[in-house]
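Structure assessment
Here are the chains, one letter per residue:
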Amino acid sequence: SQKIEQNSEALNIQEGKTATLTCNYTNYSPAYLQWYRQDPGRGPVFLLLIRENEKEKRKERLKVTFDTTLKQSLFHITASQPADSATYLCALMVQTGANNLFFGTGTRLTVIP
Amino acid sequence: DAGITQSPRHKVTETGTPVTLRCHQTENHRYMYWYRQDPGHGLRLIHYSYGVKDTDKGEVSDGYSVSRSKTEDFLLTLESATSSQTSVYFCAISESSGMGYAKNIQYFGAGTRLSVL
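Residues numbered from 1 in each chain as written. Chains lettered and ligands numbered in written order. Predicted model: local features only at pLDDT ≥ 70, side-chain atom pairs only at ≥ 80, totals over all residues. Heavy atoms only, no water.

A few words now on the sheet that holds strand E7 (residues 62-67) of chain A. Pairing between the strands of a sheet comes from backbone hydrogen bonds, and it takes one of two forms, parallel or antiparallel. All names here are of chain A. Taken together, the five strands give an open sheet; going across it, the order is E1-E3-E8-E7-E6, and neighbouring strands pair in antiparallel fashion. Strands at the two margins of the open sheet, each flanked by one partner only, are strand E1 (3-6) and strand E6 (56-59). This sheet shows a mean twist of 15° between the axes of neighbouring strands, independent of strand direction. (Pairing = 2+ DSSP bridges. Helix = DSSP H or I, 4+ residues; strand = E, 2+ residues; numbered from the N terminus. Axes fitted to C-alpha atoms, helices over the stretch in contact; angles between N-to-C directions.)

We now examine the packing of aromatic side chains. Ring pairs (aromatic) are described by centroid distance and by the angle formed between their planes. All names here are of chain A. Taken as a whole and assessed by the stated rule, the structure comprises 15 aromatic pairs over all chains. Seen in terms of ring centroids, Tyr28 and Phe102 are 5.4 Å apart; in terms of plane orientation they differ by 50°. Their pairing is tilted. One end of the pair, Tyr28, is in the loop between strand E3 (19-26) and strand E4 (30-38); the other, Phe102, is in strand E10 (residues 101-103), and 74 residues separate them in sequence. Measuring from centroid to centroid gives 5.4 Å for Phe75 and Tyr88, while their planes differ by 35°, and the two rings are tilted. You can see Phe75 sitting in strand E8 (residues 72-77) and its partner Tyr88 sitting in strand E9 (residues 86-94), a full 13 residues away along the chain. (Phe/Tyr/Trp six-rings, centres within 6.5 Å; stacked < 30°, edge-to-face > 60°.)

Residues and elements named next belong to chain B. In terms of burial, strand E5 (residues 42-51) is largely enclosed, as nine of its 10 residues are buried. Examined bridge by bridge, strand E4 (residues 31-38) and E5 share seven bridges and lie antiparallel to one another. Looking across to E5, one finds that Asp38 is bridged to Gly42. Adjacent in sequence and paired antiparallel, E4 and E5 are bridged by three residues, among which Gly40 carries a positive phi angle near 85°. Where E5 lies against strand E6 (residues 54-57), four bridges are found, and the strand directions are antiparallel. Paired with Ser49 across the bridge in E6 is Thr55. If you look at the hairpin formed by E5 and E6, you'll find two residues sitting between the two strands, and Lys53 has a positive phi there, around 70°. (Buried < 20%, exposed > 50% of the residue type's maximum accessible area, 1.4 Å probe, protein only.)

Turning next to the nonpolar core. Membership of the largest hydrophobic core comes to 24 residues, with the highest contact counts inside it found for Leu33, Trp35, Phe75 and Tyr88 of chain A. For this core, the leading source of residues is E9 of chain A, giving five residues. Sequence-distant contacts of Leu33 of chain A, defined by excluding residues within four places in its chain, comprise Tyr25, Leu48, Leu49, Ile50, Phe66, Ser73, Cys90, Ala91 and Leu92 of chain A. Listed in part, the 21 residues of the second largest apolar core include Leu49, Leu101 and Phe103 of chain A together with Tyr35 of chain B. (Core = buried A, V, L, I, M, F, W, Y, C linked by side-chain atoms within 4.5 Å. Contact = heavy atoms within 4.5 Å.)

This paragraph deals with the state of the cysteines. Residue and element names in this part refer to chain B. Counted according to the given criterion, the structure contains two disulfides over all chains. Each sulfur in the disulfide pair Cys23 and Cys91 lies 1.9 Å from the other. Note on the Cys23 and Cys91 pair: the S-S dihedral is about -70°, so by sign convention the disulfide is left-handed. A residue pair is termed long-range when its members are at least 10 positions apart, and Cys23 in strand E3 (residues 19-25) and Cys91 in strand E9 (residues 87-94) qualify at 68 residues. Here Cys23 matches Cys91 in class, with each residue buried. (Disulfide = S-S within 2.5 Å.)

All right, on to the environment of Met32 of chain B then. All names here are of chain B. Positionally, Met32 belongs in strand E4. As a C-alpha pair, Met32 and Glu95 span 63 residues in sequence and 8.9 Å in three-dimensional space. Met32 has contacts with Cys23, Gln25, Tyr48, Ser49, Arg68, Thr71, Glu72, Asp73, Phe74, Cys91, Ala92 and Ile93, leaving out every residue within four places of it along the chain.

Set out below in structure tokens:
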């Protein structure tokens, strides 16, 4: 069966450290992998997208890697801040006619001052 | 929330009653989606639309129907609500299909919290 697993439900980290979140998938052949941020009571907000033929993508303090052999993506937040506290969702898009996304259950990140 | 309005934001209803949730967008995007979000399951696609009057089923479509009579509006209907449909419902939009970078980003509304008693 198809699965998308995010490493842990919750992750606590000290301010200033690098947070690393993991997304593993099975039985998908994604064309894209995306990361979203979700704050309590709000809808997800897009952060980064990486294609199957890309190894790494960066945006400011964010970095995403994508290893299609390991079927894994890593999401890094460097120099983490309390404002980075949120739930982070990974989502896979397979190559079909519609832009359907398949989401992981998310990791709740708390950055401790 | 990227020009997406969901209404109502909260609703409490009784088992067996019909419920309609509305999603309105001002972005003129072609694709619209309805998801539900439940603890332990993440976001799951219910139905989506790829144009006016063009809709298709998602992963968890049983018990739900949708309609899109205008580009800007996408309605989700629970014909006879059940307690298992208690959830947070999100509407999302995307520009179009295709392999262009921007086309594959989805923008979400703020959600509707539905309780079926």
